[in-house]
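# An overview of the molecular structure
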Amino acid sequence: PVVFLDVLPASPVRLEAMRLALGGARLRLPTAMEFTSLADLSLEWIRMEAGSVHLLARLLSSASCPRLQKLRMRKLCLDAFDEEMLLEADMLSELRIQDVKFLSLKLRTPSLKVFHLHQPWHQPLTVSAPRLEEHEMSFPQGSPLGWLNVDGDLPCVRSLKICMKSHRHRTRCDG
């Protein structure tokens, strides 16, 4: 099944929070859509159509979601593993990504304070988040270690947690 985001039962202008969990169904993103009041967004268990990463980036950008502060992406699957994701969101303060596959991910998020990344599949990751205070990463077994690039300084980081799993020992990272 395919779900069309631009066919919503409520007006996207008034939405402040949205959780979109599709159980693995395909999501077709519109070329342009605005969520002027959306502050909290969760995208879960969604199959993205090939060639739609730039549409997702546009949807999550300050131009389409100017008030977006919290974003969670979990179990997003792409048909093509060859697209870069550039996320430019001025008001975004919290970002949690778990098991999402992009070729690479670039963050330009000047207000980002909390960034949790679990089971990353993309490489490299480029972060430009000068106000980042809390960063947590959990690498899958066999991940390359040199794929994190920091653009500028991170003078506000007060909590950094990195969990790396070995092929020899199974470990569990507890918060």
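Everything below is about the structure printed above this text.
Below or above, wherever it landed, is the structure these notes cover. Here the structure is a predicted model, which is why all the values come from computation and not from measurement.

## Overview of the overall build of the chain
- A count of helical and extended segments in the chain gives one helix and 13 strands.
- For the chain, with 175 residues in total, the buried portion stands at 41%.
- Taking all contacts inside the chain whose residues are at least 6 apart in sequence as the whole, residues at least 24 apart take part in 43%.
- Accessible area for the chain stands at about 9600 Å²; split by element, carbon and sulfur atoms hold 50% of it.

## Side note on a nonpolar patch on the surface
- Together, Val157, Leu160, Ile162 and Met164 line one region of the surface with nonpolar side chains, adding up to about 350 Å² of accessible area.
- Among the structural elements, Val157 can be located in the loop between β12 (148–150) and β13 (159–164).

## Some details on the nonpolar core
- Leu56, Leu60 and Phe115 are the most contacted members of the largest nonpolar core, which has 46 residues in total.
- Discounting chain neighbours no more than four positions away, the residues touching Leu60 are Leu41, Leu43, Leu68, Leu71, Met73, Met85, Leu87, Glu88 and Ala89.

## Comments concerning helix α1 (residues 53–60)
- For α1, a buried count of six out of eight residues is recorded, marking the element as mostly surrounded by other parts of the structure.
- Among the residues making up α1, those that are buried are Val53, Leu55, Leu56, Ala57, Leu59 and Leu60.
- Looking at the buried positions of α1, the neighbouring elements they touch are β4 (40–48), β5 (70–78) and β6 (84–88).

## Points about the sheet that holds strand β10 (residues 125–128)
- Here we have four strands laid out as an open sheet, ordered β6-β8-β10-β12, and parallel in their pairing. Single-partner strands in this sheet number two, and they are β6 and β12. Taken pair by pair, the neighbouring strands of this sheet meet at an average axis angle of 10°, ignoring direction.
- Sheet topology places β10 next to β12; three bridges connect them, and they run parallel. Following the sheet pairing, Val127 is matched in β12 by Val150.

## Quick look at the pattern of salt bridges
- Tallied over the entire structure, the rule returns eight salt bridges.
- Its salt-bridge partner being Glu44, residue Arg74 comes within 4.0 Å of it at the nearest N-O pair. Of this pair, Arg74 sits in strand β5 while Glu44 sits in strand β4, and the two are 30 residues apart along the sequence.
- The class for Arg74 is partly exposed, based on a relative accessible area of 31%.
- Given the relative accessible area of 10%, Glu44 is considered buried.
- Put simply, Arg19, Glu44 and Arg74 are held in one network by salt bridges that share partners.

Analysis parameters
Residues numbered from 1 in each chain as written. Predicted model: local features only at pLDDT ≥ 70, side-chain atom pairs only at ≥ 80, totals over all residues. Heavy atoms only, no water. Helix = DSSP H or I, 4+ residues; strand = E, 2+ residues; numbered from the N terminus. Buried < 20%, exposed > 50% of the residue type's maximum accessible area, 1.4 Å probe, protein only. Contact = heavy atoms within 4.5 Å. Areas by Shrake-Rupley, 256 points an atom, 1.4 Å probe, with all protein chains shown as cover. Patch = residues over 30% accessible without salt bridge, like charges linked within 9 Å, V, L, I, M, F, W, Y side chains within 5 Å. Salt bridge = Lys/Arg side-chain N within 4 Å of Asp/Glu carboxyl O. Core = buried A, V, L, I, M, F, W, Y, C linked by side-chain atoms within 4.5 Å. Pairing = 2+ DSSP bridges. Axes fitted to C-alpha atoms, helices over the stretch in contact; angles between N-to-C directions.

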